Each structure stands twice: as C-alpha cells, then as structure tokens.
Amino acid sequence: MTSPASDIPPHVHYAIIGRFLGFQALAPHLPTIALNGSRDTVARLTQRLCWLTNEILDDPDTTRTLGEFLRSLVSRLDDEVHGLNDEAQSVAQPVIEELIRLVAEFEAAPYDPLKKLTDAAAKAAAEYYKTFAAVPDELWQSTLPRFSWVNGLIGLSFVSAIHVQLWTEFGNYDYPTARVMVKIAPRELDLDTIAALPRSLLHEYVAHVPQGPHSERRLHPDTNDIFAEGWMDYIAHLIFKEAIKRQGPSLEIGVSPHLTWIDLHEQAAERFFNARRAFSDSDRTAAARYLGAATARQLHVLLGRLTATAGNPDECLYRLSLDLNVSRLGNAARERFAANVHLSMKRASRSDVVIAPLREWAAGNISSEKFFERVISY
Ligand SMILES: [Zn+2]
C-alpha cells in the first residue's frame, strides 16, 4: 500500500512500516528497561529491529506481502528476546506483546504513517489559518505531500541527527499550489527522526505552504530569511505546543495517543527548534533564524504587557503573523517588517515604531495591512 503521491516502492514501504511500528512498540518501554539496568537490552532490540528492516531494503524483488513481512518481524524479534537472560526477557517481553497488538491493528486497518503525519500537519495549519487569516480553500486542497527515499544517509541542513529532508515547492498554476517534499532515509529512520516529524512538517505547512501573495507567482524566501525561516518557525513552534496539548483551534497533530510519545514528540520539537537557531561557523543562516524567532518571541511578550493586547496576546500574534505571511507583500517587505520590529525592540528610543501603530491596530482603528505598512515604512 503506497500512497498515490509516493515514489516509495513496496519493499521500502515495508521497511518504513516495520520501523514505525517497531519504534512505536519499543519507545514506551525504554525508560523501564533502562531503569532495570538493561541498557544492553535496549541496544539489542533496537539493533535487531534495524537489521531486520534493512534486510527487506536489500530485497526489492520480495514476493512477501506486507502482512507476512510484519509477522516475520515480530517472530524474529521474539526469537531475539528468548535469547536474553531471564531478567532481560521479563523487561523485553512487553515490547513484543505491544508489537503484536500494533501489527494486528495495522493489518485490520492499514495506513501510511508518513501520509497520516503530513495530513495532520496540513490540517492543523489550515485550521489556524482559517481562524486567523484569509487563505483560499483551493490552496489547501491543491497542496499535496510527495514522498521519496534515499538509501544512504541524509539529514536536515541544520541538524544531521534527524534523518529526513523536507522542503516545499510552489506550483506554476494560476492559483497557489504547493508540494511538500518528504525525503526519508529508511536505513536511518530512528526514534529521534520519527519523534521530530510532526514539528518539522509543521514548519513547512505553517511557514511555507500558505505564503502569499496568492495572486501572482510565488517566490521562495532565501534560506536566511528572518521572517520565513525564523519568525514563522517560532509561530509553528507555538502551534505545535498548543496542538499537542489539544488547545487552540487545532486538536489534531497526528501523533500517537500514547502519552510516552507526547513526551518524545515534545522533546524532539525542542531539539529541532533549538538546532535551527544554534549559531555555527559553518551555517550563517542560523543567525537569521535565531534573530527572526527571537523577534517574534519579543513581540509576543510585548503583546502580553500592553494593556490593549494583554487579554489575548497569543491571538494577536497569530493574527498578525499569519496575516503577514499570506499577504500580498513579498518576502523582502516581510523581512523588513521583522527587521524593524527587531530594531524597535532593541532600542527603547524606537519603541514607538511598533507600539504606537499596535495600539491603533488593537483598538480597531487601522487594519493589519495598514499596521504592516506603518512598521515597514519606518
Ligand atoms: Zn523553511
């Protein structure tokens, strides 16, 4: 079962499903196994899961069905557990039982985990935009993920330990369309990568997919764009944190309902966010991402302090940020907006660049567009 927008052949799909279900079964038990002093057991089970799923990657002509592959994965992992000493067996056995349950559940209602996660990120982003800004419905309907794979090692530009590449491509139609490209390295698909997927997908769907202007050909922001890559990533992070707690307009982020996974996704999201903003000599774009995110955060704090906006600072920040991202203003104007907000936050003497028009905006005297213009033209 491969999804229509997928370049992933069946045997690779088998490996991906095997890893997803295997890590889903393993993760909730890792703390208990480690607590019992069985870190070797954790390593053995993880290695075995990777070994068995790698085997199928080398077998493109397999005649096995996905169900047969998964059942043999369970039984061979079970063999591994039976080879452990009694104490290790007792802590590892629940992992096998959980995997048996997950495989049965999967066989009863198969799904593509990558598709499920991208759909959830798209839905969360669409719900936030629907609540706070105007985006044509066709934009969401005509945006599709596209999955591909690579046999070797890949990582994100700013963090090599998350083994996936994600980017958004705009379509060349009269109306705005987009493709969210998801390139997976199945041989490296590990717990940290799986845990980071919801947050990293949300970056694409919040920052890039709905970007305006919608009336003309859309241009991609530069990799060091402080608004698109910094400011909007702070917004994606806020949305992630709300959605995972089931607060805010979106109640669904597609993560496993298992509470252990909520923890793992949250930790992975923080690592992702921090890594994007970590200064490094080899990646000067990180400084731009840092500056943009820090400026959005400072405006967020300011909105919480000003009497006019203190009642609903989150909503004000969403309205302004999502509106600016989809507006007819181009990337350069959005960057200038963020840069002028930064300037005004940095110097008390310039604070009125933002505060005066913000008060007028909050009072309903000027539109968001007028507010952006005032800040940009400073
Ligand atoms: Zn980006």
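Source: prediction; values computed, not measured.

Calculation notes
Going along each chain's sequence as written, the residues are numbered from 1 onward. Only residues with pLDDT of 70 or above have their local features reported here, since the model is predicted, and side-chain atom pairs are shown and tallied only from 80 upward, although totals for entire chains, interfaces and linings are computed over all residues. Counting from the N terminus, the helices are DSSP H or I runs at least four residues long and the strands are E runs at least two residues long. Backbone-placed C-beta atoms define the burial measure: a residue is buried with 20 or more other C-beta atoms within 10 Å of its own, exposed with 12 or fewer, and partly exposed in between. Distance between backbone-placed C-beta atoms decides contact: two residues are in contact if it is within 7 Å. In this usage, the nonpolar core is the set of buried Ala, Val, Leu, Ile, Met, Phe, Trp, Tyr and Cys residues whose C-beta atoms join them within 7 Å. Domain ranges listed in this record stem from an automatic or a database domain assignment. A helix is expected to span 1.5 Å for every residue after the first. One requirement defines pairing of two strands: DSSP has to find at least two bridges between them. Axis geometry follows a simple rule: fit a line to the C-alpha atoms, using only the stretch in contact for helices, then measure angles between N-to-C directions, giving values from 0 to 180 degrees. Orientation is classified from the angle alone, with under 35 degrees giving roughly parallel, over 145 giving roughly antiparallel, 65 to 115 giving roughly perpendicular, and any other angle giving oblique.

### Here's the deal with the environment of L114
Turning to step 1, where the next piece is worked out: The residue L114 is located in helix α6 (residues 113–132) in this model.
Turning to step 2, where the next piece is worked out: Owing to 23 C-beta atoms within 10 Å, L114 belongs among the buried residues under this scheme.
Turning to step 3, where the next piece is worked out: Once the C-alpha coordinates of L114 and A339 are considered, the two residues, 225 residues apart in sequence, prove to be 36 Å apart.
Turning to step 4, where the next piece is worked out: Excluding residues that lie within four positions of it along the chain, L114 makes contacts with F147, V182 and I184.

### Looking at the nonpolar core
Turning to step 1, where the next piece is worked out: In this structure, A125, L202 and I239 are the most contacted members of the largest nonpolar core, which totals 106 residues.
Turning to step 2, where the next piece is worked out: No other element matches the 13 residues that helix α9 (residues 226–244) contributes to this core.
Turning to step 3, where the next piece is worked out: Two domains each provide a minimum of three residues to this core, namely domain 1 (10–108) and domain 2 (112–378).
Turning to step 4, where the next piece is worked out: Residues contacting I239, with those up to four places away along its chain left out, are A124, Y128, L202 and V206.

### Here we look at helix α13 (residues 331–346)
Turning to step 1, where the next piece is worked out: Taking 1.5 Å per residue as the helical rise, α13 with its 16 residues ought to reach 22 Å, and the 22 Å between its terminal C-alpha atoms agrees with that figure.
Turning to step 2, where the next piece is worked out: Within α13 the residues assigned to the buried category are R334, E335, F337, A338, V341, H342 and S344.
Turning to step 3, where the next piece is worked out: Those residues of α13 that are buried lie in contact with α9, α11 (285–305), α12 (313–326), α14 (352–362) and α15 (368–376).

### As for the domain arrangement of the protein
Turning to step 1, where the next piece is worked out: Domain assignment breaks the protein into domain 1 (10–108) and domain 2 (112–378).
Turning to step 2, where the next piece is worked out: Here domain 1 and domain 2 have C-alpha centroids that lie 35 Å from each other.
Turning to step 3, where the next piece is worked out: Counting residues at the interface gives 11 residues for domain 1, matched by 13 residues for domain 2.
Turning to step 4, where the next piece is worked out: Within the residue set of the side of domain 1 that touches domain 2, elements represented by two or more residues are α1 (10–26) and α3 (39–57).

### Notes on the sheet that holds strand β2 (residues 164–170)
Turning to step 1, where the next piece is worked out: Pairing is mixed in the open sheet, where 3 strands are placed in the order β1-β3-β2. Two strands in the sheet have a free side with no partner beyond their single neighbour: β1 (143–149) and β2. In this sheet, adjacent strand axes meet at a mean angle of 20° when their direction is disregarded.
Turning to step 2, where the next piece is worked out: Note that β1 and strand β3 (residues 178–184) share 7 bridges and pair parallel. Across the sheet, the residue bridging to P145 is V180, located in β3.

### Concerning the packing of helix α8 (residues 191–208) against helix α10 (residues 259–277)
Turning to step 1, where the next piece is worked out: Here α8 crosses α10 at 70°, and the two axes come no closer than 8 Å. As the angle between them shows, α8 and α10 are arranged roughly perpendicular. Contacts between α8 and α10 involve D192, A195, A196, P198, R199 and S200 on the former and, on the latter, L264, H265, A268, A269 and F272.

### Things to note about helix α4 (residues 66–82)
Turning to step 1, where the next piece is worked out: Helix length check: α4 (17 residues) gives 24 Å between terminal C-alpha atoms against 24 Å at 1.5 Å per residue, within 8%.
Turning to step 2, where the next piece is worked out: Where α4 is buried, its residues touch α1, α3 and α5 (86–108).

### Section: the pairing of β3
Turning to step 1, where the next piece is worked out: Going residue by residue along β3, you find A178, V180, V182 and I184 tucked away on one face and R179, M181 and K183 left uncovered on the opposite face.
Turning to step 2, where the next piece is worked out: In the sheet, β2 pairs with β3 via 7 bridges, with the strands oriented antiparallel. Across the sheet, residue F170 finds its bridge partner in β3, namely A178.

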